[in-house]
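# Tertiary structure, described
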Amino acid sequence: MNKTAPTKNIPVAMPESTGGRWWTLGVLSLLMGFASISTDIYLPAMPAMSNALAADPGMVEWTVSGYLVGFSLGQLFWGPVSDRHGRRLPVAAGMMIFIVGSVLCACSQTIGSLIIGRIVQALGASAGVVLSRAMVRDLYEGHHAVRMLSTLITVMAIAPLLGPIVGAQILVVSGWRAIFVVLSIVGIATLAAVISLPETLPSDRRHREPLSRAFLRYGELFATPRLMAYTGAGAFFYGGMFAYVAGTPFAYISYYHVPPRYYGLLFGAGIIGIMATNMLNARLAHRIGSTRMLQFGTLLAASAGTLTAFAAWTGYGGLWGLVVPLFVFASATGFIVANSIVGALNTSPERSGSVSAFVGAAQYGSGIVGSGLIGMFADGTPWPMGWVVALSGIGSLVSALVLSLHLFGSRNVEI
């Protein structure tokens, strides 16, 4: 790892004033939260969408999987583009695509057109998420990057905390289509904010190689074991998180008959746990080591996932038998996501855009599998969600433990 002092990595583009820095970090939090904003706000409306579009629950759950397909592919595109052309212009272009996708969703008359609209939404939203992480790496390194990323994740966690609650109220007042109209408005406001952002990647640090060659270089990342271990820890976990996102509306609302207006409260409890563990991670990562924090988080996720599967299979504890272990599983996000991302970015800091895209594509690609399995094996019970969450937590733990095997040399084991 580069031992250069973090203060030397802050580019000239970073705003001089405290207010300017907070504005930049606030916009980065919003960009980072677009994946959650775009999905969590319409979760309470999924049963209503199923009825309105005459689609079975499994097909409606594919609106989550379709979004993840676009999100994964979009990240692979935006990463190399940003390494060549800077961060701000690609983010602005992505926001415009997101707005178009939101309008398509609002106007959808069939479940197929809704899935297509969600894919377009995701292609645009992915620019903001992948490039916000790269911008953090442009500005900070090492434990400072972990702390800043944890802080941003804590701030942006407000979006998924409020999303289901706000979505449920919009659903009651105006119907599910109005939710996507609101997302269009959010996209327009974010586009206006992005225009004010400074460029964090100076021209002298940009890659000049053709984009075709930059895309081919993704294959080289597979040959970097340390990067793959960090990526695997986050990717497996995301598979479980998106199984949780896709599965809980039907597990809570349809199976356990929780009123939609209260679903947001149960979902929001997990977000509060995520915020708490991110704040704790920001304080402890530099003392304990971000890799050890990552390993602790994956152990927590594997244990909670196993308990979730047990409760889903046996019905033990009823609703709360699911809610409690899922709360613990979701809370592990604070120890896993930031540490796995920064660990991966530190393997190739000169290509942070591409590495961020690779990590993001792996995470959300795993999310495609996790949410897709929920739709594929949907049987009206929480069991499909339970076993997907359990396997995801175990896979995340195994990936993180590989970092302790000294396969990459002692200098690469800890950051």
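How each quantity is defined
Residues numbered from 1 in each chain as written. Predicted model: local features only at pLDDT ≥ 70, side-chain atom pairs only at ≥ 80, totals over all residues. Heavy atoms only, no water. Helix = DSSP H or I, 4+ residues; strand = E, 2+ residues; numbered from the N terminus. Buried < 20%, exposed > 50% of the residue type's maximum accessible area, 1.4 Å probe, protein only. Contact = heavy atoms within 4.5 Å. Areas by Shrake-Rupley, 256 points an atom, 1.4 Å probe, with all protein chains shown as cover. Axes fitted to C-alpha atoms, helices over the stretch in contact; angles between N-to-C directions. Parallel < 35°, antiparallel > 145°, perpendicular 65-115°, else oblique. Nonpolar A, V, L, I, M, F, W, Y, C, P; charged D, E, K, R; others polar. Left-handed = near helix turned anticlockwise from the far one by under 90°. Expected span 1.5 Å × (residues − 1). Disulfide = S-S within 2.5 Å. Patch = residues over 30% accessible without salt bridge, like charges linked within 9 Å, V, L, I, M, F, W, Y side chains within 5 Å. Salt bridge = Lys/Arg side-chain N within 4 Å of Asp/Glu carboxyl O. Phe/Tyr/Trp six-rings, centres within 6.5 Å; stacked < 30°, edge-to-face > 60°.

Quick look at the overall build of the protein now. Looking only at helices and strands, the protein features 18 helices and 0 strands. Within the protein, the proportion of its 415 residues that are buried is 61%. Put simply, of all contacts in the protein between residues at least 6 apart along the chain, 86% involve residues at least 24 apart. Accessible surface computed for the protein: about 15,700 Å², of which carbon and sulfur atoms make up 70%.

Turning next to the packing of helix α13 (residues 260–288) against helix α14 (residues 290–314). Packed helix pairs are characterised by how far apart their axes lie and by the angle those axes make with each other. In contact at an axis separation of 7 Å, α13 and α14 are set at 120° when each is read in the N-to-C sense. Relative to α14, the element α13 lies oblique. Contact residues: α13 offers Asn 281, Leu 284, Ala 285 and Ile 288, while α14 offers Ser 290, Arg 292 and Met 293. Here the residues of the contact of α13 with α14 are counted per class, giving 4 nonpolar, 2 polar and 1 charged.

Of note, the phi angle at Ala 54 is positive, near 55°, even though the residue is not glycine. Residue position: Ala 54 is located in the loop between α3 (46–52) and α4 (57–85). According to the relative accessible area criterion, Ala 54 is exposed, its value standing at 72%. Backbone geometry places His 257, a non-glycine residue, at a positive phi of 60°. Among the structural elements, His 257 can be located in the loop between α12 (225–255) and α13.

Counting through the fold element by element, Leu 266 comes out in helix α13. When residues no more than four places from it in sequence are discounted, the contact partners of Leu 266 are Tyr 252, Val 258, Leu 319, Trp 320 and Val 323.

Quick look at the packing of α4 against helix α6 (residues 111–139) now. For the pair α4 and α6, interaxial distance at closest approach is 6 Å and the crossing angle is 35°. Of the two possible hands of crossing, α4 and α6 adopt the one that is right-handed. Looking at the contact of α4 with α6 residue by residue, the classes come out as 17 nonpolar, 8 polar and 2 charged.

In this section: helix α15 (residues 318–331). Counted at 1.5 Å a residue, the expected span for α15 with its 14 residues is 20 Å, and the 21 Å between its end C-alpha atoms agrees. Looking only at α15, the buried set comprises Leu 319, Gly 321, Leu 322, Val 323, Pro 325, Leu 326, Phe 329, Ala 330 and Ser 331. Close packing links the buried residues of α15 with α12, α13, α14, α16 (333–345) and α18 (383–402).

Here the structure, examined in full by the defined rule, presents 0 disulfides. With no disulfide of its own, Cys 105 lies 9.4 Å from the sulfur of Cys 107, the closest cysteine sulfur. A relative accessible area of 0% means that Cys 105 is categorised as buried.

Here we come to the environment of Ala 122. Relative to the helices and strands, Ala 122 is located in helix α6. C-alpha of Ala 122 to C-alpha of Gly 66: the two residues are 56 residues apart in sequence and 8.5 Å apart in space. Setting aside its immediate chain neighbours within four residues, Ala 122 contacts Tyr 67, Gly 70 and Phe 71.

Taken together, the side chains of Val 69, Leu 73, Ile 97 and Leu 123 define a hydrophobic patch exposed on the protein surface, amounting to about 290 Å² of accessible area. Mapped onto the fold, Leu 123 is located in helix α6. On the accessibility criterion, Leu 123 (32% relative accessible area) is partly exposed.

A few words now on the side chain of Gln 295. Take Gln 295: it is sitting in helix α14. Classification of Gln 295 as buried rests on a relative accessible area of 14%. Dropping the residues within four chain positions of it, Gln 295 is found in contact with Leu 397, Ala 400, Leu 401, Leu 403 and Ser 404.

With that out of the way, let us pick up α16. Residues spaced three or four apart along an α-helix point in a common direction, a consequence of the helix completing one turn every 3.6 residues. End to end, α16 covers 18 Å across 13 residues, agreeing with the expected 18 Å (1.5 Å per residue, within 8%). Counted residue by residue, α16 has 13 buried out of 13 residues, so it is predominantly covered.

Across all of its chains, the model carries 14 aromatic pairs by this definition. Aromatic pair Tyr 252 and Tyr 263: ring centres 6.0 Å apart, planes at 55°, arrangement tilted. Of this pair, Tyr 252 sits in helix α12 while Tyr 263 sits in helix α13, placing them 11 residues apart in sequence. Each of the two residues, Tyr 252 as well as Tyr 263, counts as buried. Pairing Tyr 255 with Tyr 256 gives two aromatic rings, centres 4.9 Å apart and planes at 85°, and the pair type is edge-to-face.

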